[in-house]
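An overview of the molecular structure
Below are the chains, spelled out letter by letter.
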Amino acid sequence: MILVTGATGNVGGAVLEQLMEAGQKVRVLARDPARLGELGRAVEVVKGDLSKPETLGPAFAGVGGAFVVCAGGDLATLAGNAAGAAREAGVRHIVLLSSSAVAGEPPIQIGRWHIDAEARVTASGVAWTMVRPGAFASNTLQWAHAIKTQGAVFHATGEGRTRPLDPRDIAAVAVKALTSPGHEGKAYVINGPEALSTAEQVAKISKAIGKPLGVVDETEDAARERLEKAGLPEVFIRAVLEAFAMIRAGHGEAPSSTIEELLGRKARTYDEWLERHVKAFQ
Ligand SMILES: NC(=O)c1ccc[n+]([C@@H]2O[C@H](COP(=O)([O-])OP(=O)(O)OC[C@H]3O[C@@H](n4cnc5c(N)ncnc54)[C@H](OP(=O)(O)O)[C@@H]3O)[C@@H](O)[C@H]2O)c1
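Everything numeric here is computed off the predicted structure, so don't read it as measured data.

The next subject is the overall build of the chain. When helices and strands are counted, the chain shows 12 helices and 11 strands. Computed over C-alpha atoms, the radius of gyration of the chain comes to 19 Å, within 12% of the 19 Å expected from 2.2 N^0.38 for 282 residues, which places it in the range of a compact globule. Projected onto its principal axes, the C-alpha coordinates of the chain cover approximately 55 × 35 × 35 Å. Every one of the 282 residues in the chain was classed for burial, and the buried ones make up 49%. The long-range fraction of contacts in the chain, counting pairs at least 24 apart against all pairs at least 6 apart in sequence, stands at 74%. Accessible area for the chain stands at about 13,300 Å²; split by element, carbon and sulfur atoms hold 51% of it. Each charge class in the chain was averaged separately, 31 positive and 32 negative side chains, and the resulting centres sit 4 Å apart.

Written as structure tokens, this is what we have:
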């Protein structure tokens, strides 16, 4: 039995789908099972919250491996709670969704949060695999509202490039680690196949929807104002602005061969991801 957390999100949802396609016995931990929709009716779902350790016992009981996503809170606490429940239940293997930002020299705040989360898992004594992705292609869905209402994308990353990754590829690496031997104690850095600036990604969206789009390179103050208006907490705004500045300065992501090596195929391109999500921008 494999436990999947974060199944209402980008990567956990794809992990759940791929484990089900592979015929694995799966259980899902969800804060609000209703948010799983159709999928929730096809699998065993246990209500639980990684920020509330007292809710985790039933979800981890009888599980061999667990896919753990920590999001929306103090990542180290969430990871520590998951690892503690896994240890108590005798879970053999945790695959943690971490970040390539852990390897920065020095790491940015987002990387430091993930370093602390990884440390809580490694300290638990449960065998682990770290999945360390770079920027997700799905981050560009954050532009959908401005594209639809203003015909433009506002960003603060200048000409800097990331390597957008399809969450399905991140999930495929996690599923490989959960379902085949030899991945314990390994950390897999995953990046997408092409380095693309914001303007280059917007050009692809523009072509896909058949509509010209503006690209507005903002000052840090303007980006801060936009993030404040979106209601993001200050600590998160600071971390995001730091990540934008790092990308703008050209310290994007190095190529990685993890997907070819582990999955024996090329990583999916941003165009392939866009083809599946084009409706979100129309
Ligand atoms: N975006 C990037 O470019 C990027 C790059 C590298 C690493 N990462 C890392 O990837 C992770 C986010 O992955 P994602 O995009 O797949 O996430 P996501 O789409 O934002 O979904 C987050 C998932 O976590 C669940 N969740 C949140 N708080 C929870 C809690 N207290 N207990 C149980 N479940 C909880 C949510 O469930 P609900 O339905 O209950 O809300 C949801 O299923 C973060 O750790 C992030 O730092 C992101």
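With that out of the way, let us pick up the pattern of salt bridges. A pair can form between side chains of opposite charge whenever their charged atoms are brought close. Evaluated as defined, the whole model comprises 15 salt bridges. With a shortest N-O distance of 3.1 Å, Arg168 and Asp166 are connected by a salt bridge. Here the two residues Arg168 and Asp166 agree in accessibility, since each one is buried. The partner of Glu225 in a salt bridge is Lys229, with the nearest N and O atoms 3.7 Å apart.

Attention now goes to the side chain of Ser197. Among the structural elements, Ser197 can be located in strand 10 (residues 196–197). Accessibility expressed as a relative area gives 2% for Ser197, which makes it buried. Not counting residues within four places of it along the chain, the set of residues in contact with Ser197 comprises Glu159, Gly160 and Arg161.

On to helix 1 (residues 10–21), then. Taking 1.5 Å per residue as the helical rise, helix 1 with its 12 residues ought to reach 16 Å, and the 17 Å between its terminal C-alpha atoms agrees with that figure. Inspection of helix 1 places Val11, Gly12, Gly13, Ala14, Val15, Leu16, Gln18 and Leu19 among the buried residues, and these make up the whole buried set. The inward-facing, buried residues of helix 1 abut strand 1 (2–4), strand 2 (26–30), helix 2 (37–42), strand 4 (65–69), strand 5 (93–97) and helix 7 (167–179). A positive phi of about 75° marks Gly23, the residue just after helix 1.

On to the UniProt feature "domain: NAD(P)-binding" (unreviewed entry) in the chain. The UniProt record annotates "domain: NAD(P)-binding" (unreviewed entry) at residues 6–181. Helix makes up 40% of residues 6–181 and strand 18%, whereas the separation of the span's terminal C-alpha atoms amounts to 23 Å.

In this section: the site of the ligand. Around the ligand, 23 residues are found, and the nearest of them are Thr8, Asp49, Cys70, His114 and Asn139. Between Asp49 and the ligand, the recorded distance is 2.7 Å, taken from a side-chain N or O atom to a nitrogen atom. The contact in question runs from an oxygen atom of the ligand to an N or O atom on the side chain of Asn139, over 2.8 Å. Coverage of the ligand by the protein chains reaches 81% of its 930 Å² of free accessible surface. Its residues assigned to classes, the shell around the ligand comprises 10 nonpolar, 10 polar and 3 charged.

Another point: helix 12 (residues 270–277). Within helix 12 the residues assigned to the buried category are Tyr270, Trp273 and Leu274. Projected down its long axis, helix 12 carries its buried residues within an arc of 100°, all on one side. Set apart from the buried face of helix 12 by more than 90 degrees, the exposed residues are Glu275 and Arg276.

Another point: the sheet that holds strand 4. Strand order across the open sheet formed by 7 strands is 3-2-1-4-5-6-9, with parallel pairing between neighbours. Two strands bound the open sheet, and with one partner strand each, they are strand 3 (44–47) and strand 9 (186–190). Taking each pair of neighbouring strands and ignoring which way they run, the sheet shows an average axis angle of 20°.

The next subject is the packing of aromatic side chains. Under the definition given, this model contains 2 aromatic pairs. Ring centres of Tyr270 and Trp273 lie 5.5 Å apart, and the angle between their planes is 25°; this geometry places the pair in the stacked category. Remark: Trp273 and Tyr270 occur in helix 12; sequence separation between them is 3 residues, near one turn of the helix. The pair Tyr270 / Trp273 is uniform in exposure class, with both members buried. Centre to centre, the rings of Trp273 and Phe281 are 6.3 Å apart; their planes meet at 70°, and the pair counts as edge-to-face.

This paragraph deals with the nonpolar core. By size, the foremost hydrophobic cluster in this structure holds 32 residues, and its most contacted members are Val4, Val11, Val15, Phe67, Val131 and Ile170. Listed by contribution, the elements that provide at least two residues to this core are strand 1, helix 1, strand 2, strand 4, strand 5, helix 7, strand 9 and helix 11 (258–263). Per-element tally for this core: the top contributor is helix 7, with 7 residues. Residue contacts for Val15: discarding those within four places in its chain leaves Val4, Phe67, Ala171, Ala174, Val175 and Leu178. Counting residues in each nonpolar core, the second largest holds 25 residues, with Leu3, Leu50, Val63 and Val126 among its members.

Conventions used here
Residues numbered from 1 in each chain as written. Predicted model: local features only at pLDDT ≥ 70, side-chain atom pairs only at ≥ 80, totals over all residues. Heavy atoms only, no water. Helix = DSSP H or I, 4+ residues; strand = E, 2+ residues; numbered from the N terminus. Rg over C-alpha atoms; globule rule 2.2 N^0.38 Å. Buried < 20%, exposed > 50% of the residue type's maximum accessible area, 1.4 Å probe, protein only. Contact = heavy atoms within 4.5 Å. Areas by Shrake-Rupley, 256 points an atom, 1.4 Å probe, with all protein chains shown as cover. Lys, Arg positive; Asp, Glu negative; His and termini not counted. Charge placed at Lys NZ, Arg CZ, Asp CG, Glu CD. Salt bridge = Lys/Arg side-chain N within 4 Å of Asp/Glu carboxyl O. Expected span 1.5 Å × (residues − 1). UniProt positions renumbered as here; feature names shortened; annotations may be inferred. Near = heavy atom within 4 Å. Polar contact = N/O pair within 3.5 Å; in protein donor to acceptor, adjacent residues only side chain to side chain. Nonpolar A, V, L, I, M, F, W, Y, C, P; charged D, E, K, R; others polar. Arc of directions from axis to C-beta. Pairing = 2+ DSSP bridges. Axes fitted to C-alpha atoms, helices over the stretch in contact; angles between N-to-C directions. Phe/Tyr/Trp six-rings, centres within 6.5 Å; stacked < 30°, edge-to-face > 60°. Core = buried A, V, L, I, M, F, W, Y, C linked by side-chain atoms within 4.5 Å.

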